[in-house]
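If you want the building blocks of each chain, they are given just below.
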Amino acid sequence: MVFDFTGKTAIVTGGSGGIGSEIARGIVAGGGHVIVTDIDDAKGEAFVKTLGKGNSYYHLDIGTPNEARATVTQILVDHPETNTLINVAGVISAKPFEEIDDAEWSRTITINLNGTFTMCSALFPHLKKIGGGRIVNVSSVAGKIGGGLLGTAAYASSKAGVNGLTKAVAKEGGKYGIACNAVCPSFTLTQMTTALNEDKTKHDKVIAMIPLGRAAQPSEPAQMVLFFASDAASFVTGEIGDCDGGIVMDG
Ligand SMILES: NC(=O)c1ccc[n+]([C@@H]2O[C@H](COP(=O)([O-])OP(=O)(O)OC[C@H]3O[C@@H](n4cnc5c(N)ncnc54)[C@H](O)[C@@H]3O)[C@@H](O)[C@H]2O)c1
């Protein structure tokens, strides 16, 4: 399915990863432009070439706030037409609670939660100035159910924080035309879940928790992100969407 991205230019963090690259492809397929950012420069630069002209790559580590803000400033000089932010970059933390030390906790919160804050904060004044825009944060089912699939306490806490941040930005951004939504995937087949996928016992245990009985392809959560990023979701903000095969059924 292709959503219309005519006139849209989107920054995608973690844009050369499994889910991020599917999002980037979807935006280009819909007639938009993508600014892929990541820390894996070789992969990012190679990937952006496959997207064709009008798309670009920037090194941007969301875990180093001052550098990330400086890169956003440069991006906005180079691409003042930027009107969409998609926060996909993230790391997993899978240690049992009693083995999580301060360094593991801090690494996970710094990248997943603080990094998402830094990007929203760096883009907010620009989106306000241009009369609005759309932000989508890739969260996780872990943020709703306390982890338990692959991510544990630090990961679940970071993603629960992303969900709260998403709603707060939606509330304060609404009057400026800024929409902010999040997508909570569950087990998705990317590099992040290679270890889980290769451990048959753990894999089968996780699959048994998913009503649809399988893992997602990265294009599946990407589709929900693309919906939230497009004008098809013009009256949707503050929504935390589940793309998890049916694990969370709230209402
Ligand atoms: N794969 C899953 O099962 C799953 C489930 C729920 C949520 N998620 C979330 O989806 C998002 C994308 O994950 P994925 O599955 O595509 O994994 P992935 O490992 O394929 O992609 C993650 C990308 O983020 C980049 N990255 C890591 N640290 C970064 C940093 N400090 N700054 C900038 N970029 C950084 C990596 O280089 C990589 O390209 C993550 O936020 C993850 O938490 C994934």
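Scroll up to find the structure.
As a starting point, this report considers the structure included with it. (Residues numbered from 1 in each chain as written. Predicted model: local features only at pLDDT ≥ 70, side-chain atom pairs only at ≥ 80, totals over all residues. Heavy atoms only, no water.)

Digging into the site of the ligand
Link 1 in the chain: Taken together, 29 residues surround the ligand, and among them D38, V88, Y155, T188 and T190 come closest.
Link 2 in the chain: D61 places a side-chain nitrogen or oxygen 2.8 Å from a nitrogen atom of the ligand.
Link 3 in the chain: A distance of 2.8 Å is found between an oxygen atom of the ligand and a backbone nitrogen or oxygen belonging to T188.
Link 4 in the chain: About the coverage of the ligand: the protein hides 92% of its 820 Å² of free accessible area.
Link 5 in the chain: Among the secondary structure elements, those contributing two or more residues to the shell around the ligand are α1 (18-29) and α6 (153-173). (Near = heavy atom within 4 Å. Polar contact = N/O pair within 3.5 Å; in protein donor to acceptor, adjacent residues only side chain to side chain. Areas by Shrake-Rupley, 256 points an atom, 1.4 Å probe, with all protein chains shown as cover. Helix = DSSP H or I, 4+ residues; strand = E, 2+ residues; numbered from the N terminus.)

Focus: helix α3 (residues 65-78)
Link 1 in the chain: Its 14 residues place the ends of α3 20 Å apart at the C-alpha level, agreeing with the 20 Å of an ideal helix rising 1.5 Å per residue.
Link 2 in the chain: By the burial criterion, the buried members of α3 are A68, T71, V72, I75 and L76. Taken down its axis, α3 places every buried residue within 140° of arc, on the same side. Exposed residues pointing more than 90 degrees away from the buried face of α3 are listed as N66, E67 and V77.
Link 3 in the chain: Residues of α3 that are buried make contact with β1 (9-13), β2 (33-38), β3 (56-59) and α4 (102-129). (Expected span 1.5 Å × (residues − 1). Buried < 20%, exposed > 50% of the residue type's maximum accessible area, 1.4 Å probe, protein only. Arc of directions from axis to C-beta. Contact = heavy atoms within 4.5 Å.)

Details of the pattern of salt bridges
Link 1 in the chain: Taken as a whole, this structure holds seven salt bridges when the rule is applied.
Link 2 in the chain: Ionic pairing is found between D242 and K144, a salt bridge with its closest N-O pair at 2.7 Å. With a gap of 98 residues between them, D242 in strand β7 (residues 240-243) and K144 in helix α5 (residues 142-145) connect regions that are remote in the sequence.
Link 3 in the chain: Exposure remark for K144: the relative accessible area of 29% places this residue in the partly exposed category. (Salt bridge = Lys/Arg side-chain N within 4 Å of Asp/Glu carboxyl O.)

What to know about the nonpolar core
Link 1 in the chain: Core analysis: the largest hydrophobic core is formed by 26 residues, its most contacted members being I23, I27, V36 and I86.
Link 2 in the chain: Taken together, the elements giving at least two residues each to this core come down to β1, α1, β2, α2 (41-51), β5 (133-138) and α9 (219-229).
Link 3 in the chain: Among residues more than four places away in sequence, those in contact with I23 are V12, I86, V88, V138, A222, V225 and L226.
Link 4 in the chain: L76, C120, L123 and L127 belong to the second largest nonpolar core, which has 23 residues in total. (Core = buried A, V, L, I, M, F, W, Y, C linked by side-chain atoms within 4.5 Å.)

Examining the sheet that holds β7
Link 1 in the chain: An order of β3-β2-β1-β4-β5-β6-β7 is seen for the seven strands of this open sheet, with the pairing classed as parallel. At either margin of the open sheet sits one strand with a lone partner, and together these are β3 and β7. Each strand of the sheet is rotated relative to its neighbour by a mean of 20°, with strand direction disregarded.
Link 2 in the chain: Looking at chain direction, β1 and strand β4 (residues 84-87) are connected through four bridges and run parallel. In the sheet register, T13 faces β4, and the bridge partner there is N87.
Link 3 in the chain: Sheet contacts for α2: β2 and β3; angle to β3, the most-contacted strand, approximately 165°.
Link 4 in the chain: Relative to strand β6 (residues 178-185), α6 is tilted by about 160°, and along the sheet it contacts β5, β6 and β7. (Pairing = 2+ DSSP bridges. Axes fitted to C-alpha atoms, helices over the stretch in contact; angles between N-to-C directions.)

Some details on the packing of aromatic side chains
Link 1 in the chain: Per the stated rule, a full pass over the model turns up three aromatic pairs.
Link 2 in the chain: Ring geometry for F3 and F227: centres 6.1 Å apart, planes at 50°, overall tilted. Here the residue F3 occupies a position in the segment before β1, and F227 occupies one in helix α9, the gap between them amounting to 224 residues.
Link 3 in the chain: What makes F3 buried here is its relative accessible area of 15%.
Link 4 in the chain: Here the aromatic cluster, defined as three or more aromatic residues joined through ring pairs, consists of F3, F227 and F228. (Phe/Tyr/Trp six-rings, centres within 6.5 Å; stacked < 30°, edge-to-face > 60°.)

Brief notes about the side chain of S230
Link 1 in the chain: Relative to the elements of secondary structure, S230 occurs in the loop between α9 and β7.
Link 2 in the chain: The class for S230 is buried, based on a relative accessible area of 1%.
Link 3 in the chain: Apart from the residues within four sequence positions on either side, S230 is in contact with F3, D4, F5 and R134.

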